[in-house]
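Chains, contacts and geometry: an overview
Here is what each chain is made of, one letter per residue.
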Amino acid sequence: MLRSPVLWLTMALATVVVWGVLWWPYTVDDSYITYRYAQNMALGRGAVFNDAEKVEGYSSPAWMFLLAGTTWLGLDPVPISKVLGLGAALALVALLFMALRRCGCDPLIAGLAALVMATTPTLHVYSSSGMETILFALVVCAASLLPGTARSEKARSWLAGIGLVAMTLMRPEGVLAAVALTLCWLAVYRTRAL
């Protein structure tokens, strides 16, 4: 029973949900800045905080455009951003578990690792904060892991390209992360070819 992958993954995901519900009322003040930009974008005013000021003040273009789209559809960006953050936290924990299992880790080890991640306070705070932080972490992890699972070189290249573009659009430091990841991939695949 203790070696059941389903048990450990379920416990880890349930932990994320419980803590996400407990932290739900908390919203980071920077989220409201992004909400304001998204609202002005949805109203056709452009990516501005105030109409007369053309100043960039949001940290994630992709997150701001995503929230602008949901605002344009008439949805409240606060719960939407929290649901997306919580979904990203769940996906991040599941991705860790599956990556460890794929590498041959014992279900107990993979489950404990997923549970440790699921109990990390930073994950809880940011998953329901309204910020893009956990989604960015998910994008970086997925961009790092998914190309290695592709069966063909073409699929690997597409997955890598999509991951690198997503990283650069999610956060400013995504550009540096994309460069570092590209260098790592080049080193790994060059070594394999040799």
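As the structure is a computational prediction, the values presented were derived from the model and not from experiment. (Residues numbered from 1 in each chain as written. Predicted model: local features only at pLDDT ≥ 70, side-chain atom pairs only at ≥ 80, totals over all residues. Heavy atoms only, no water.)

Moving on, we get to the overall build of the chain. Tallying secondary structure elements over the chain gives nine helices and zero strands in all. When the backbone C-alpha atoms are referred to their principal axes, the chain occupies close to 55 × 45 × 25 Å. A separation threshold of at least 6 residues defines the contact pool for the chain, and within that pool the share at least 24 residues apart is 67%. As displayed, the chain has an accessible area near 10800 Å², and 71% of this comes from carbon and sulfur atoms. (Helix = DSSP H or I, 4+ residues; strand = E, 2+ residues; numbered from the N terminus. Contact = heavy atoms within 4.5 Å. Areas by Shrake-Rupley, 256 points an atom, 1.4 Å probe, with all protein chains shown as cover.)

Let's shift gears to helix α3 (residues 61–72). The end-to-end C-alpha separation of α3 is 16 Å, in line with the 16 Å expected for twelve residues at 1.5 Å each. Restricting attention to buried positions, one finds in α3 the residues Trp63, Met64, Leu67, Ala68, Thr70 and Thr71. Axial view of α3: buried residues confined to an arc of 165°, hence all on one face. A positive phi of about 90° marks glycine 74, the residue just after α3. (Expected span 1.5 Å × (residues − 1). Buried < 20%, exposed > 50% of the residue type's maximum accessible area, 1.4 Å probe, protein only. Arc of directions from axis to C-beta.)

All right, on to a nonpolar patch on the surface then. A cluster of nonpolar side chains, contributed by Val175, Val179, Leu183 and Leu186, occupies part of the molecular surface with about 370 Å² of accessible area. Within the fold, valine 179 resides in helix α9 (residues 173–193). Note on valine 179: relative accessible area 45%, which makes it partly exposed. (Patch = residues over 30% accessible without salt bridge, like charges linked within 9 Å, V, L, I, M, F, W, Y side chains within 5 Å. Salt bridge = Lys/Arg side-chain N within 4 Å of Asp/Glu carboxyl O.)

As enumerated under the stated definition, the model contains four salt bridges in all. Between arginine 171 and glutamate 132 there is a salt bridge, with its nearest N and O atoms 2.5 Å apart. Highlighted residues: arginine 171 in the loop between α8 (153–170) and α9 and glutamate 132 in the loop between α6 (121–127) and α7 (133–145), separated in sequence by 39 residues. Each member of the pair arginine 171 and glutamate 132 is classed as buried. Arginine 156 is paired through a salt bridge with glutamate 153; the nearest N and O atoms lie 3.2 Å apart. Here arginine 156 and its partner glutamate 153 are both found in helix α8, three residues apart, which amounts to about one turn of the helix. Among the charged side chains, a salt-bridge network with shared partners connects Glu132, Arg171 and Glu173.

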